[in-house]
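Per-entry structural report
Listed here are the chains, written in short residue letters.
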Amino acid sequence: MPETPTPTGVDLAATQRRTVRVLAAGQVLTGVAFGATLSLGALLAADLSGQEALSGFATASVTLGAALTAIPLARLAGRRGRRIALTTGNIAALLGITVVITAAALRAFPLLLVGIALIGAGNAATLQSRFAATDLSTTSRRGRDLATVVWATTVGGVVGPLLLAPGELIGVSVGMPPLTGAYLFSFAAQVCASGLYVLVLRPDPLLLAQRLDRERAASATAPAPEVDHPLTARFAMLAVAASHVTMASVMAMTPVHLSHIVAPDAVTLAVGVTIALHVFGMYGLSPLFGVLADRWGRIPVILLGQVLLAASLAVAAAFSDTQGGVLVALVLLGLGWSAATVAGSALLTEATPLTLRPRRQGRSDTLMTACAAGGSVLAGVILGVVGYGGLALWAFVPVALVCAGAVVVGSRRPVRAA
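Scoring rules and cut-offs
- Residues numbered from 1 in each chain as written.
- Predicted model: local features only at pLDDT ≥ 70, side-chain atom pairs only at ≥ 80, totals over all residues.
- Heavy atoms only, no water.
- Patch = residues over 30% accessible without salt bridge, like charges linked within 9 Å, V, L, I, M, F, W, Y side chains within 5 Å.
- Areas by Shrake-Rupley, 256 points an atom, 1.4 Å probe, with all protein chains shown as cover.
- Salt bridge = Lys/Arg side-chain N within 4 Å of Asp/Glu carboxyl O.
- Helix = DSSP H or I, 4+ residues; strand = E, 2+ residues; numbered from the N terminus.
- Disulfide = S-S within 2.5 Å.
- Buried < 20%, exposed > 50% of the residue type's maximum accessible area, 1.4 Å probe, protein only.
- Axes fitted to C-alpha atoms, helices over the stretch in contact; angles between N-to-C directions.
- Parallel < 35°, antiparallel > 145°, perpendicular 65-115°, else oblique.
- Left-handed = near helix turned anticlockwise from the far one by under 90°.
- Nonpolar A, V, L, I, M, F, W, Y, C, P; charged D, E, K, R; others polar.

1. Quick look at a nonpolar patch on the surface
Together, Leu238, Leu378, Val381, Val385, Val386, Trp394, Val397 and Leu401 make up a nonpolar patch on the protein surface, roughly 770 Å² of accessible area in all. Those elements that place two or more of their residues in the nonpolar patch are helix H14 (357-394) and helix H15 (396-410). The leading source of residues in the nonpolar patch is H14, at five residues.

Written out as structure tokens, the structure is:
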């Protein structure tokens, strides 16, 4: 049966499918860019500062950069559309990569943090892509569409860390500073992503959704206005932010911890493989979590994510001295983050009317990344005091907060997909 055209004459279902494909392709590219450099941040920070306790400032900087730009990018999306907002974030990341390489050449630790923060702006745009996938989506498919875009990051996110070793070889051959060769891949991937959004993401999904909303409001047969559920939206923000800070705090310290338990000549490979599998856990099963969120409801899948996070932290605490134990913990950590992020983002979207979504989505990303920035700095201090296993135990705190929040919101009628 052919799709029913919208009041604008646009085939909405076909447009949504095209939008999801374009966003997914962009996620592959930005996943390569971010995955190739995420692992290097802590190592570069420790190298340039001369203090391992400061290695957490790398993750803190990238998350702080994302936090500072999430709301401006969301507002820009609300005014000019997702295409302009995503491209702006990518351009900031390109500038950041240039600054990071310069900082490594000059051995300037503060400049390194500035460059990593600019890369964080690109990460803010990457995070915004998952919301862009829901702009034109129906309630019954919102979780799956969002998860499809999140899943696409798997390709780039897994390939990116595996480019550390070949990137370093290329970097040495062209005279780049140590630990910066993989940024060549990141730069090329960001350029391609920017071109994809500028040329292919048409029509802009958010601008089209806003246009449809205005036309429906003016129609004589307009449906009832969307209802705002602020309590549910606040819980969704908590679930996403707390799950992210749990993941980011442990993940940020993993490269440093591995450098202590793995032979020096195998550190780069061990870090690359571990982070690659962790990223696969973050994104590889996101379509499954999207389907579960559509069928079971958002809050049950958020709680499933907390169970997986708790299992990860237990493994990390019990087997912190073995590379295999750390690897299993990081995979579980990624899976827990994926379940909570997919379900929490879908819950936030459907608990919020269209007119408020860009602003509230920006606030959610700001809260998520700001908490992760603080958590990463604190994680470096905790690692130095009580070690990796002790850090894992401390990370149970945000997991407990989400479970408590679910009890409060679950006592009322939650918003869930039909």
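2. Considering the state of the cysteines
Counting across every chain of the model gives zero disulfides. The thiol of Cys371 is unpaired, and the distance to the nearest cysteine sulfur, on Cys403, comes to 17 Å.

3. Looking at the pattern of salt bridges
Going through the model one piece at a time under the given rule, you end up with 10 salt bridges. For the salt bridge of Asp228 with Arg360, the shortest nitrogen-to-oxygen distance reads 2.8 Å. Within this pair, whereas Asp228 is found in the loop between helix H8 (205-218) and helix H9 (230-261), its partner Arg360 is found in helix H14, the two being separated by 132 residues in sequence. The class of Asp228 is partly exposed, set by a relative accessible area of 29%. We classify Arg360 as buried; its relative accessible area is 14%. For Glu350, the salt bridge goes to Arg298, with nearest N and O atoms at 2.8 Å.

4. Concerning the packing of helix H12 (residues 298-318) against helix H13 (residues 323-350)
Running from N to C, H12 and H13 cross one another at 160 degrees; their axes reach a closest spacing of 7 Å. Between H12 and H13, the angle falls in the class roughly antiparallel. Remark: the crossing between H12 and H13 carries left-handed chirality. In terms of residue class, the contact of H12 with H13 is made up of 20 nonpolar, six polar and two charged.

Purely geometric numbers; function is a separate question.
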